[in-house]
Amino acid sequence: MADAKVIPFGDEPRPRRGSAGGRRQHAKDGAPKRSQGPGAGPGPVRNPAPLAPVPEPEPEPAPAGGWERRLAGGLAFLRRRVTGEYDIDEFGYDKELTDQVLMSLIRPIYENYFRVEVKGIENIPSDGGALVVANHSGTLPLDGLMMQVAVRDNHPADRHLRLLAADLVFMLPVVNELARKAGHTLACAEDAETLLQRGEVVGVMPEGFKGLGKPFGDRYKLQRFGRGGFVSTALRAGVPIVPCSIVGAEEIYPMIGNSRTLARLLGVPYFPITPTFPWLGPLGMLPLPTKWTIQFGEPIPTDGYPPEAAEDPMLMFNLTDQVREQIQHTLYKLLVQRRSVFF
């Protein structure tokens, strides 16, 4: 709350000469007025007694600076981590750690490196469950992290996005722990349905590794969306499907080749070859600073279908195709509007 403006007593306006509260009143001809009492005569004009000086009010202490508040908050955060006074859910999601640490580490990349522009964030409902379905690309899954920050920082209801990740994510020692802390969980129907029925916003990228590791020549061409399992999950939970189109991720690692032999040796789906990797070594792993746009489309409701609709393969195929077509159409529209990959 803004501080009220304090006027020192010494600066208060005093009554003007000639007013009821002034030193003395004068007649029109400038002579002092005579007293109206009986036997009163023109008395001497006396100077008024000098006003006693009024002490200035002591200034209020200035509020603590921003760095002091941040320091106090940081110390309190460390105390809670040491004493174990923080909450995680059964999936391992640590909301406090995500908001104060993990998002703070990703946000500079989101704001200053990729300069992400977000559109249609209001299409994600303010409460209740929702399934966000997005295209997947970029060789490394940075698009999922950028989408998570986009929802966290731009949604008016401060919603959090819980991503469904592939098995490989949870097989890597350090990545597994960080993914759990950030709210990600295994891409299976049981976990997704549990989160949706709890009222969470869940994100899924049905292209999987087919979209993430596709060659640069196939950029912005959506791959197959699997068997429509995400549609069946949304139907069972009765939540809307929000299509999401991401432009900019395709160019961060232009994949011009794939070493299948190295991929088999390392146990990964593909081993990318780009214009900078592996030729420049670790420096070649730095993504190109492309300009990103993330657009959330009109939600597709599913609550009007009967419970047995989740087992109807034709309905699942039609809804899957509808979601895919909407994402692809929005990608083409954003590409036409884009004037430069980097600016």
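Bear in mind the structure is a predicted one, so any value in this text is a computation, not a measurement.

Cut-offs applied
- Residues numbered from 1 in each chain as written.
- Predicted model: local features only at pLDDT ≥ 70, side-chain atom pairs only at ≥ 80, totals over all residues.
- Heavy atoms only, no water.
- Axes fitted to C-alpha atoms, helices over the stretch in contact; angles between N-to-C directions.
- Helix = DSSP H or I, 4+ residues; strand = E, 2+ residues; numbered from the N terminus.
- Parallel < 35°, antiparallel > 145°, perpendicular 65-115°, else oblique.
- Contact = heavy atoms within 4.5 Å.
- Nonpolar A, V, L, I, M, F, W, Y, C, P; charged D, E, K, R; others polar.
- 1 Å grid on protein atoms, 1.4 Å probe; cavity = no way out; pocket = protein on both sides within 12 Å on 5 of 7 lines; lining within 4 Å.
- Points joined across faces, edges and corners; volume = space filled by probe spheres on them.
- Phe/Tyr/Trp six-rings, centres within 6.5 Å; stacked < 30°, edge-to-face > 60°.
- Buried < 20%, exposed > 50% of the residue type's maximum accessible area, 1.4 Å probe, protein only.
- Pairing = 2+ DSSP bridges.
- Core = buried A, V, L, I, M, F, W, Y, C linked by side-chain atoms within 4.5 Å.
- Salt bridge = Lys/Arg side-chain N within 4 Å of Asp/Glu carboxyl O.

> Account for the packing of helix α7 (residues 229-237) against helix α9 (residues 313-337), with residues named and values stated.
Taken N-terminus to C-terminus, the directions of α7 and α9 make an angle of 105°; their axes are 9 Å apart at the nearest point. Between α7 and α9, the angle falls in the class roughly perpendicular. Touching F230, V231, S232 and L235 of α7 are L315, M316, L319, T320 and V323, all from α9. Looking at the contact of α7 with α9 residue by residue, the class counts come to seven nonpolar, two polar and no charged.

> Mind laying out empty space enclosed by the protein, listing which residues take part and the relevant values?
Which parts of space are left empty comes out when a probe the size of a water molecule is rolled across the atoms. Applying the stated criterion across every chain yields a total of two cavities of 30 Å³ or more. One number sums up the size of the largest cavity: a volume of about 50 Å³. What lines the largest cavity is S137, G138, T139, G211, L212, K214, P215, F216, R219, E250, Y253 and M255. Each residue belonging to the lining of the largest cavity can be placed in one class, and the counts come to five nonpolar, four polar and three charged.

> Describe the packing of aromatic side chains, and please don't skip the residues or the numbers.
Counting across every chain of the model gives five aromatic pairs. Taking 5.2 Å as the distance between ring centres and 75° as the angle between the ring planes, the aromatic pair formed by Y113 and F114 counts as edge-to-face. The partly exposed category is assigned to Y113, whose relative accessible area is 26%. You can call F114 buried: its relative accessible area is 1%. Ring centres of F225 and F230 lie 6.1 Å apart, and the angle between their planes is 75°; this geometry places the pair in the edge-to-face category. By the ring-pair criterion, three or more aromatic residues cluster together here, those being Y113, F114 and W292.

> Please give an account of the sheet that holds strand β1 (residues 117-119) that cites residues and values.
The pairing of strands in a sheet comes from backbone hydrogen bonds and takes either a parallel or an antiparallel form. The strand order across the open sheet formed by seven strands is β1-β9-β6-β2-β5-β3-β4, and the pairing between neighbours is mixed. Of all the strands in the sheet, just β1 and β4 (185-186) have a single pairing partner and so form its edges. Bridge count for strand β2 (residues 130-134) against strand β5 (residues 201-204) is four bridges, and the pairing is parallel. Bridge pairing in β5 places L131 opposite V202.

> An account of the environment of G229 is requested, with residue identities and associated values reported.
Among the structural elements, G229 can be located in helix α7. Sequence separation of G229 and M316 is 87 residues, and the distance between their C-alpha atoms is 8.1 Å.

> Account for the nonpolar core, with residues named and values stated.
Counting 29 residues, the largest nonpolar core has L131, V133, F230 and V323 as the members making the most contacts within it. Those elements giving two or more residues to this core turn out to be β2, α5 (189-197), β5, α7, β6 (241-247) and α9. If you tally residues by element for this core, the top one is α9, at seven residues. Beyond its immediate stretch of four places on either side in the chain, V323 contacts V133, F225, F230, I241, P243 and I300.

> Please provide a residue-by-residue account of the pattern of salt bridges, values included.
By the definition in use, this model includes 17 salt bridges. One salt bridge connects E96 with R80, and the closest N-O pair in it is separated by 2.5 Å. With E96 in helix α2 (residues 95-113) and R80 in helix α1 (residues 66-83), the pair connects residues that are 16 residues apart, well separated along the chain. On the accessibility criterion, E96 (18% relative accessible area) is buried. Across the pair R198 and D89 runs a salt bridge whose closest N-O atoms are separated by 3.9 Å. Placement of the pair is R198 in the loop between α5 and β5 and D89 in the loop between α1 and α2, with a sequence separation of 109 residues. Linked by salt bridges that have partners in common, D89, E90, R162, R198 and E200 make up one network.

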